Amino acid sequence: MNRREALTTMGALGAMGTGILGGQGGIAASAHAAEQNRAQTAFASSFAHFKEQLGPTKVSFDRPLPDQLEGVLYRNGPALMERSGTPYHHWFDGDGMIQSFRLQGQTLTHLGRMVNTTKYVEEKKAGEFLWSGFGTAIANSKNLQRPDDINVANISVLPMGEEVLALWEAGSPWRLDADTLETLGRKTFSTETDGLPFSAHPRIDRDGRIWNFGYMSGSNQMALYELSPDGKLKRASIVQAAKTNMVHDFAMTDQYLIFALMPIDFTPPTNGNIPSFLSMLSWDDASSVDILVIDKETLTIAHKFEMPPFFAFHFGNAWQDGGQLRIEMARAPEFETLMTQIKQATLGLPTTADAHAPAAADIVLDLSTGIAQLQDLPFTGADFPCFDERYAGERTDTLVMMQRSDDMPSDVFGLNTLAVSNKRKDSLQMWSYGASAIAEEHIFVPGLSATEGEGWLMGTAYNWKSGHTSLSVFDAQHVSDGPVATATLPYGLPIGLHGKFVASNA
Ligand SMILES: [Fe+2]
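About the cut-offs
Residues numbered from 1 in each chain as written. Predicted model: local features only at pLDDT ≥ 70, side-chain atom pairs only at ≥ 80, totals over all residues. Helix = DSSP H or I, 4+ residues; strand = E, 2+ residues; numbered from the N terminus. Rg over C-alpha atoms; globule rule 2.2 N^0.38 Å. Buried ≥ 20, exposed ≤ 12 C-beta atoms within 10 Å, placed from the backbone. Contact = placed C-beta atoms within 7 Å. Pairing = 2+ DSSP bridges. Axes fitted to C-alpha atoms, helices over the stretch in contact; angles between N-to-C directions. Core = buried A, V, L, I, M, F, W, Y, C linked by C-beta atoms within 7 Å. Domains from an automatic or database assignment.

Caption draft 1: Molecular detail of the overall build of the protein. Secondary structure assignment for the protein yields 4 helices and 33 strands. Over its C-alpha atoms the protein spans a radius of gyration of 22 Å, differing by no more than 12% from the 23 Å that the globule rule assigns to 506 residues. Overall, the C-alpha framework of the protein stretches about 70 × 60 × 45 Å when taken along its three principal axes. Across the 506 residues in the protein, those meeting the buried criterion constitute 47%. Contacts in the protein between residues at least 24 apart in sequence constitute 57% of all its contacts with a sequence separation of at least 6.

Caption draft 2: Spatial organisation of the sheet that holds strand β24 (residues 372-380). The strand order across the open sheet formed by 4 strands is β21-β22-β23-β24, and the pairing between neighbours is antiparallel. Across the chains shown, the open sheet's two edge strands, defined by having one partner strand only, are β21 (311-321) and β24. Each strand of the sheet is rotated relative to its neighbour by a mean of 25°, with strand direction disregarded. Strand direction decides the pairing type here: strand β22 (residues 324-332) and strand β23 (residues 359-366), joined by 8 bridges, are antiparallel. Considered in β23, the bridge of Gln 324 is made with Asp 366.

Caption draft 3: Structural view of the environment of Thr 118. Its place among the elements puts Thr 118 in helix α3 (residues 118-126). Under the C-beta neighbour-count criterion, Thr 118 is labelled partly exposed, with 15 such atoms within 10 Å. With 77 residues separating them in the primary sequence, Thr 118 and Gly 195 have C-alpha atoms 13 Å apart. Other than its neighbours up to four places away in sequence, Thr 118 contacts Asp 148 and Asp 149.

Caption draft 4: Structural detail: helix α4 (residues 336-346). Along α4, the residues classified as buried are Gln 341, Ile 342, Lys 343, Ala 345 and Thr 346. Where α4 ends, the next residue or the one after it, Gly 348, has phi of about 75°, a positive value.

Caption draft 5: A look at the pairing of strand β20 (residues 300-307). In the sheet, strand β19 (residues 289-295) pairs with β20 via 7 bridges, with the strands oriented antiparallel. Pairing of Ile 294 across the sheet is with Ile 301, part of β20. The turn joining β19 and β20, which pair antiparallel and follow one another in sequence, is formed by 4 residues; a positive phi near 55° is taken by Leu 299.

Caption draft 6: The arrangement of the nonpolar core in detail. Among the nonpolar cores identified, the biggest contains 135 residues, and Ala 166, Ile 258, Met 401 and Ile 438 are the most heavily contacted of them. Apart from residues lying up to four places away in sequence, Met 401 is in contact with Ala 330, Ala 360, Phe 379, Ala 382, Asp 383, Phe 384, Pro 385 and Ala 419.

Caption draft 7: Seen up close, the sheet that holds strand β7 (residues 156-160). Strand order in the open sheet formed by 4 strands is β7-β8-β9-β10, and the pairing between neighbours is antiparallel. The open sheet has two edge strands, β7 and β10 (183-186), and neither has a second partner. On average, each strand axis in the sheet is tilted by 25° relative to the strand beside it, whichever way the strands run.

Caption draft 8: Inspection of the pairing of β23 at higher detail. Here β23 runs beside β24; their pairing, made up of 6 bridges, is antiparallel. Each residue of the ladder has a partner; that of Asp 362, found in β24, is Gln 375. The antiparallel pairing of β23 with β24 creates a hairpin that spans 5 residues between the two strands, and Gly 370 there sits at a positive phi of about 75°.

Caption draft 9: Unusual backbone geometry, seen in detail. Looking along the chain, the bond that leaves Gly 55 and enters Pro 56 is cis, with omega of 10°. Tracing the sequence through the fold places Pro 56 in strand β1 (residues 53-60). In the Ramachandran plot, Asn 220 falls in the positive-phi region, its phi being about 55° despite a non-glycine side chain. One can find Asn 220 in the loop between β12 (210-216) and β13 (221-227).

Caption draft 10: Just the environment of Lys 425, in detail. Structurally, Lys 425 can be placed in the loop between β27 (417-422) and β28 (427-432). Separated by 27 residues in sequence, Lys 425 and Thr 398 place their C-alpha atoms 9.4 Å apart.

Caption draft 11: Looking closely at the domain arrangement of the protein. Split by domain assignment, the protein resolves into domain 1 (1-40) and domain 2 (41-503). Distance between the C-alpha centres of domain 1 and domain 2: 35 Å.

So, in structure tokens, the structure goes:
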């Protein structure tokens, strides 16, 4: 029995004891306590039945898939959360597992395999965690020689021909065979950039070029990358900038790469122990967000703005409208509340109130006046913004996000509702997976029409009562009608982070 199963059992036993002692009122109270415990451990339960490989498993969709919708959805996320009784304390610590969902005919074929990073292989051999991670300090942690020593390759994917890259935030991508998900090795783009961080949210231009960055906490430096559509390194550059201590995502227009550098201080350890990365970070509410607008031609800072403090993990689309830049994002007042909530959810503990949940907003940057403003969008408690990437860098009207429905138990960490706004139509469509589901990021898959926002939305949801994960496909224009097709696996998957779809005819 692992820690999370023990937590669930202990909660149930405690509730049973109350019921036996308390008569019928006690039985009602015990049922309530058991239900509450189950809600608290809903998120953590997705990691409770770890296996190095899941599938291949074939299941049928409940209704016909749209014509021409064939391909593979790749997703990445933390999966291994415990070794030899030592639990990770934070979701982002978990060693990464890649899931592939192949849609062919009316069949879904699922395969999940761990990324055999150096860390994963060495710790598996040792039978214990050897290094402190993002949010967990490991006793007697080995020293870090390079960031890739603790690379867990657990955030996102970048499909590239016959390979899929498993992306982390602070180190190299890992190469996987796109069919078998076998780990092929660490990716190097050039000798000069070998081992430099390559972040997990690359942006794809309309001509297929790939832009990315990598930051080095405490260095006041960021690396910038431009890759050709087939993944060859065209340019790499270093920019000097303060506050590059934790940078997760960026935005892109036709002309610019835009970074929001948040007021997060980094304090390295001084006593020789290796703490968690998170414990070295602190939020400075008296500081500002620095917005860097970097010219794609020169890879130098063209404009700089200051804004009052906010925290954003994720950005949507961005575009230029006359002399203004508009950037979509999911922003929160600060980042420590969310970090605490993730730790509580990972350990199956009650989560604190959600008062600081992210909400959607546009940043509007006026290039001539130097004034930056926030404009709220109609999403609260929302994250994972997504748009029609055929129009990356141009104005888009459709914005997709995940949020919570009112009936989602407050003790359950996560999101359960797909929401799509259309600025042009001034409409907002929503569809909830229900109170017992935790829905993951949904992504836009273009349809046959070239019209912006017309296509499909595809994503997974974990039902913590049944223990099963399903994949659903929606018509992006009619989300409130519910999925057009759903396939449910006979098992649950660890709740993950980000994915990409590769169409068969791409
Ligand atoms: Fe992310």
